[in-house]
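What follows is the residue order along each chain.
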Amino acid sequence: MSLCPYNEELVTLLSNTKFYDTFKFVIIPQVSENGNRFELFQEDNQVEIVCYKSTFLSLFKECHIFLKKFVPDMQFKTYLDTNVNPFSFYQITIGLLLTTTENKTNINMHSDVFFVLLNKLKSHNERIDFLSKETFIITRLLTCSSNKVNKSSSLYIWYRKLFILWQGYVSEHTDNKIDKLLLTSKLFIDSGKQHFANYYSWNTSRWIFDNMESLKSKELFINAIKSFCFQNLSDCSSWDTLSYMICQYKVRNVYHIKDFDRLKGILVGRASERKVVWLQMDLSKLVQNICNHICRCNIKTWPPFLCLLRIFSVYSNELTDKISQIKNEWLEDINVFESKFGKIELYNGFTPVINSGEHDNDYLRNESILHLGQKLVFLNKLSGKSSVV
């Protein structure tokens, strides 16, 4: 009989190593009426796992009953003195990652038992399989419907450590798993969809991006981020990340690279020499692409403008002609509008104001004020009339 049936089923569901187009793990407030702990829905290459609130509470209870019985002092060494299968303890720590986020004691216990299990495996393929399952579990927790979980800083740090561990298994035996699992933006985009402006997720995406050793992977990564940004105009964290990645070719901030080496030294005892690559992009084409999107979508939110402003600030010499072109085009747009409707006013120099008057009910005019007002703020900051925010 299983010591932890709820946690065992949770781990089985989350550790499925098949790559799905969509994998959703959703926690709902309802109580199970049919006795099932979870519900699994699958259609084509899309999967959704539903965890009932009653199941969530049972997972929590089962974890603490197990710990009280086998690890009353919450010390991993105490558990090693028992005769209980360490995989049961591993399953319990997974349950706690879901039910008690940012529990540092559990994070440490999970890491300890993970390495005990990993080091017990003899063959390369067995280690790859276990590492794959662990990566799938953490990825699916970080993209679940619980905001407390998908913005867990501790889980993202553990994800970074898994990224480092994978480097030691890069070979023809990995069957491209590392590319599909880690050298992809899917985790961050899925997590971004679950939690608006998820700083912890997007900050880790920068870390992964900086430590990629393939220019092709970096290009695919940043293009996917750009696509997400274009669909989420108010998500300041994703737009800030996009500007960071674009500017890295010139700025070359090595903080994340040094952090990789620091963590690798802790995990494997050494930090060997590795290749650092910097992605150079067609700046003129990229900037024009962002500007076209701003104009076509009549964007009224600040993040896209701030992204553009930072690119212009870093690449001011390289983009002199493009900056002049955009400046003249947007000034012309503003002048044409103001000649018809009057001067655009900014509250505190930043927020466009819709004044009352004869055009009160003109929806298009009011929308244009909000859009052109942001362009005016952008041009003021570009000209140094106000600070970059």
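An account of the accompanying structure is given in this report. Fair warning: this is a prediction, and the values are worked out from it, not measured in the lab.

What follows is about the overall build of the protein. Secondary structure assignment for the protein yields 18 helices and five strands. Principal axes of the C-alpha set define a box for the protein whose edges measure 80 × 55 × 40 Å. Here the protein holds 389 residues, and the buried ones make up 48% of them. Between the centroid of the 46 positive side chains of the protein and the centroid of its 40 negative side chains there is a distance of 5 Å.

With five of seven residues buried, strand 3 (residues 46-52) lies mostly within the body of the structure. Relative to strand 3, strand 1 (residues 22-28) runs parallel, the two being bridged by seven bridges. Bridging across to strand 3, phenylalanine 23 finds its partner in valine 47. Pairing geometry for strand 2 (residues 38-43) and strand 3, over six bridges, is antiparallel. Across the sheet, the residue bridging to phenylalanine 38 is cysteine 51, located in strand 3. From the end of strand 2 to the start of strand 3, which pair antiparallel, there are two residues, and aspartate 44 there has a positive phi angle of about 55°.

A few words now on the environment of isoleucine 311. Position of isoleucine 311 among the secondary structure elements: in helix 16 (residues 302-314). Overall, the relative accessible area of 0% leaves isoleucine 311 in the buried class. Sequence separation of isoleucine 311 and asparagine 16 is 295 residues, and the distance between their C-alpha atoms is 41 Å. Ignoring sequence-local partners within four residues, the contact set of isoleucine 311 consists of Ile246, Cys247, Val287, Ile290 and Leu319.

Another point: the sheet that holds strand 3. Strand order in the open sheet formed by three strands is 1-3-2, and the pairing between neighbours is mixed. Of all the strands in the sheet, the pair left with one neighbour each is strand 1 and strand 2. Ignoring strand direction, the axes of neighbouring strands in this sheet form an average angle of 15°.

Before going further, it helps to examine the pattern of salt bridges. Counting across every chain of the model gives twelve salt bridges. Notably, a salt bridge pairs lysine 133 with aspartate 129, separated by 3.6 Å at the nearest N-O pair. Within this pair, lysine 133 and its partner aspartate 129 are both found in helix 6 (residues 124-142), separated by four residues, close to a single helical turn. Aspartate 129 gets classed as partly exposed once you look at its relative accessible area, which sits at 36%. With a shortest N-O distance of 3.2 Å, lysine 250 and glutamate 318 are connected by a salt bridge. Of this pair, lysine 250 sits in helix 13 (residues 236-251) while glutamate 318 sits in the loop between helix 16 and helix 17 (320-341), and the two are 68 residues apart along the sequence. Overall, the relative accessible area of 45% leaves glutamate 318 in the partly exposed class. Where salt bridges share partners, they join Arg160, Asp259 and Arg262 into one cluster.

Once that is clear, we can look at unusual backbone geometry. You will see that alanine 197, though not glycine, has its phi angle at about 50°, which is positive. A residue is classified by how much of its surface remains accessible, and alanine 197, at 18% relative accessible area, is buried.

Moving on to helix 1 (residues 5-14). Listed in full, the buried residues belonging to helix 1 are Asn7, Leu10, Val11, Leu13 and Leu14. Seen from one end, helix 1 has its buried residues packed into an arc of 165°, which puts them on one side. Where the residues of helix 1 are buried, they touch strand 1, strand 2, strand 3, helix 2 (53-70), helix 4 (86-99) and helix 6.

We now examine the environment of phenylalanine 228. Within the secondary structure, phenylalanine 228 sits in helix 12 (residues 215-231). Residues phenylalanine 228 and glutamate 213, 15 residues apart in the sequence, show an inter-C-alpha distance of 23 Å. Sequence-distant contacts of phenylalanine 228, defined by excluding residues within four places in its chain, comprise Ile189, Gly192, Lys193, Trp202, Asp235 and Ser238.

Residue position: cysteine 4 is located in the segment before helix 1. Considering only alpha carbons, one finds cysteine 4 and glycine 95, 91 residues apart in sequence, at a separation of 9.8 Å. Residues within four places of cysteine 4 in sequence aside, it is in contact with Glu62, Ser88, Gln91 and Ile92.

Glancing now at the packing of helix 17 against helix 18 (residues 363-382). Close contact between helix 17 and helix 18 brings their axes to 10 Å; oriented N to C, the two are set at 140°. For the element pair helix 17 / helix 18, the angle class is oblique. Pair helix 17 / helix 18 crosses with left-handed handedness. Facing helix 17, whose interface residues are Ile323, Lys327, Trp330, Leu331, Asp333, Ile334, Phe337 and Phe341, helix 18 presents Arg365, Ser368, Ile369, Leu372, Lys375, Leu376, Phe378, Leu379 and Leu382. Looking at the contact of helix 17 with helix 18, its residues break down into twelve nonpolar, one polar and four charged.

As a further point, take the packing of aromatic side chains. Taken as a whole and judged by the stated rule, the model has 26 aromatic pairs. Note on phenylalanine 114 and phenylalanine 115: the rings are 5.3 Å apart at their centroids and 75° apart in plane angle, and the pair reads as edge-to-face. Comparing phenylalanine 114 with phenylalanine 115 shows no difference in burial state: the two are buried. On the numbers, 6.3 Å between centres and 55° between planes, the contact of phenylalanine 305 with phenylalanine 378 is tilted. Here phenylalanine 305 is found in helix 16, whereas its partner phenylalanine 378 is found in helix 18, with 73 residues between them in sequence. Residue classification places phenylalanine 378 among the buried positions, given a relative accessible area of 0%. What links up through ring pairs into an aromatic cluster is the set Phe87, Tyr90, Phe114, Phe115, Phe130 and Trp158. Cation over ring: arginine 37 sits above tyrosine 6, and NZ or CZ is 4.7 Å from the ring centre.

Conventions we followed
- Residues numbered from 1 in each chain as written.
- Predicted model: local features only at pLDDT ≥ 70, side-chain atom pairs only at ≥ 80, totals over all residues.
- Heavy atoms only, no water.
- Helix = DSSP H or I, 4+ residues; strand = E, 2+ residues; numbered from the N terminus.
- Buried < 20%, exposed > 50% of the residue type's maximum accessible area, 1.4 Å probe, protein only.
- Lys, Arg positive; Asp, Glu negative; His and termini not counted.
- Charge placed at Lys NZ, Arg CZ, Asp CG, Glu CD.
- Pairing = 2+ DSSP bridges.
- Contact = heavy atoms within 4.5 Å.
- Axes fitted to C-alpha atoms, helices over the stretch in contact; angles between N-to-C directions.
- Salt bridge = Lys/Arg side-chain N within 4 Å of Asp/Glu carboxyl O.
- Arc of directions from axis to C-beta.
- Parallel < 35°, antiparallel > 145°, perpendicular 65-115°, else oblique.
- Left-handed = near helix turned anticlockwise from the far one by under 90°.
- Nonpolar A, V, L, I, M, F, W, Y, C, P; charged D, E, K, R; others polar.
- Phe/Tyr/Trp six-rings, centres within 6.5 Å; stacked < 30°, edge-to-face > 60°.
- Lys NZ or Arg CZ within 6 Å of the ring centre and 35° of its normal.

By themselves these figures say nothing about function.
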